[in-house]
Amino acid sequence: MKIAIANDHGAVELKMEIVKYLEDQGIEVINFGVDTPESVDYPIQGLKVANAVVNGEVDRGIALCGTGIGISIACNKVKGIRAVVCSEPFSAKLSRQHNNSNILCMGGRVVGPELAKMIVQEWLDAEFQGGRHRRRIGEIREIEETGTVKEA
Ligand code: RB5
């Protein structure tokens, strides 16, 4: 498993904790920064993770900002990205099983490091269940590509 990670100034410490947590499990991490509290724009950081995912450079991505919201919006503008903001493990797990999420977003000003690690673990362990969920992912792709869905 290879994971890309990036953050803005709102999640530097959380990012460090998560990188260590992943590497301790033998997971390869590409860290796009930032590693210092300098102010950076979350869309730029989100795009780095999203591109690494859609280019197949990594299996999945983690994107962090103050709330997780701005960076998730930016990630979701890239075709093929299904980025989810999670503040608890249940949604993280279901986002894999039902939505086949490929980027996990969290807020460094929202979740503490221990809760964040639980969220990450559930998200890493859960697999896409396919079936009816595959059809719905297909509909999302159709909206992405055509602006509508045939059934609508
Ligand atoms: C930056 O101050 C902050 O707006 C950003 O980290 C994030 O929370 C945006 O959604």
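Now for a look at the structure at hand.

What counts and what doesn't
- Residues numbered from 1 in each chain as written.
- Predicted model: local features only at pLDDT ≥ 70, side-chain atom pairs only at ≥ 80, totals over all residues.
- Heavy atoms only, no water.
- Near = heavy atom within 4 Å.
- Polar contact = N/O pair within 3.5 Å; in protein donor to acceptor, adjacent residues only side chain to side chain.
- Areas by Shrake-Rupley, 256 points an atom, 1.4 Å probe, with all protein chains shown as cover.
- Nonpolar A, V, L, I, M, F, W, Y, C, P; charged D, E, K, R; others polar.
- Helix = DSSP H or I, 4+ residues; strand = E, 2+ residues; numbered from the N terminus.
- Contact = heavy atoms within 4.5 Å.
- Expected span 1.5 Å × (residues − 1).
- Salt bridge = Lys/Arg side-chain N within 4 Å of Asp/Glu carboxyl O.
- Buried < 20%, exposed > 50% of the residue type's maximum accessible area, 1.4 Å probe, protein only.

What surrounds the ligand is the set Asp-8, His-9, Tyr-42, Cys-65, Gly-66, Thr-67, Gly-70 and Arg-109. One of the side-chain nitrogen or oxygen atoms of Asp-8 is found 2.6 Å away from an oxygen atom of the ligand. In the complex, the protein chains occlude 71% of the 290 Å² of accessible area that the ligand would expose alone. Residue composition of the shell around the ligand, by class: 2 nonpolar, 4 polar and 2 charged.

This next bit is on the environment of Gln-45. If you trace the backbone, Gln-45 turns up in helix H2 (residues 42-54). Remark: the alpha-carbon pair of Gln-45 and Ala-63, spanning 18 residues in sequence, is separated by 7.7 Å. Sequence-distant contacts of Gln-45, that is, excluding residues within four places in its chain, are made with Ala-6, Asn-7, Asp-8, Phe-32, Gly-33, Val-34, Val-40 and Ile-71. In terms of polar contacts, Gln-45 uses its side chain to reach the backbone carbonyl oxygen of Phe-32, at 3.4 Å. Polar contacts involving the side chain of Gln-45 include one to the main-chain carbonyl oxygen of Gly-33, which spans 2.7 Å.

With 13 residues, helix H1 (residues 12-24) ought to run about 18 Å at 1.5 Å a step, and its terminal C-alpha atoms sit 18 Å apart, in line with that. Of the surrounding secondary structure, the elements contacted by the buried residues of H1 are strand E1 (2-7), strand E2 (28-31), strand E3 (60-65), strand E5 (103-107) and helix H5 (113-125). Gly-26, located one to two residues past H1, shows a positive phi value of around 80°.

All right, on to the pattern of salt bridges then. Inspection of the entire model under this criterion finds 6 salt bridges. For the salt bridge of Lys-20 with Asp-24, the shortest nitrogen-to-oxygen distance reads 2.7 Å. Taken together, the residues span about one helical turn, with Lys-20 and Asp-24 both in helix H1 at a distance of 4 residues. On the basis of relative accessibility, which here comes to 58%, the residue Asp-24 falls in the exposed class. Taking the shortest distance from any N to any O, the salt bridge between Glu-114 and Lys-117 comes out at 3.1 Å. With Glu-114 and Lys-117 both in helix H5, this residue pair falls 3 residues apart, about one helical turn. Overall, Glu-114 belongs to the exposed group, its relative accessible area being 51%. Within this structure, Glu-17, Glu-114 and Lys-117 form a network of salt bridges that share partners.

Remember, this is a structural readout, not a statement about activity or role.
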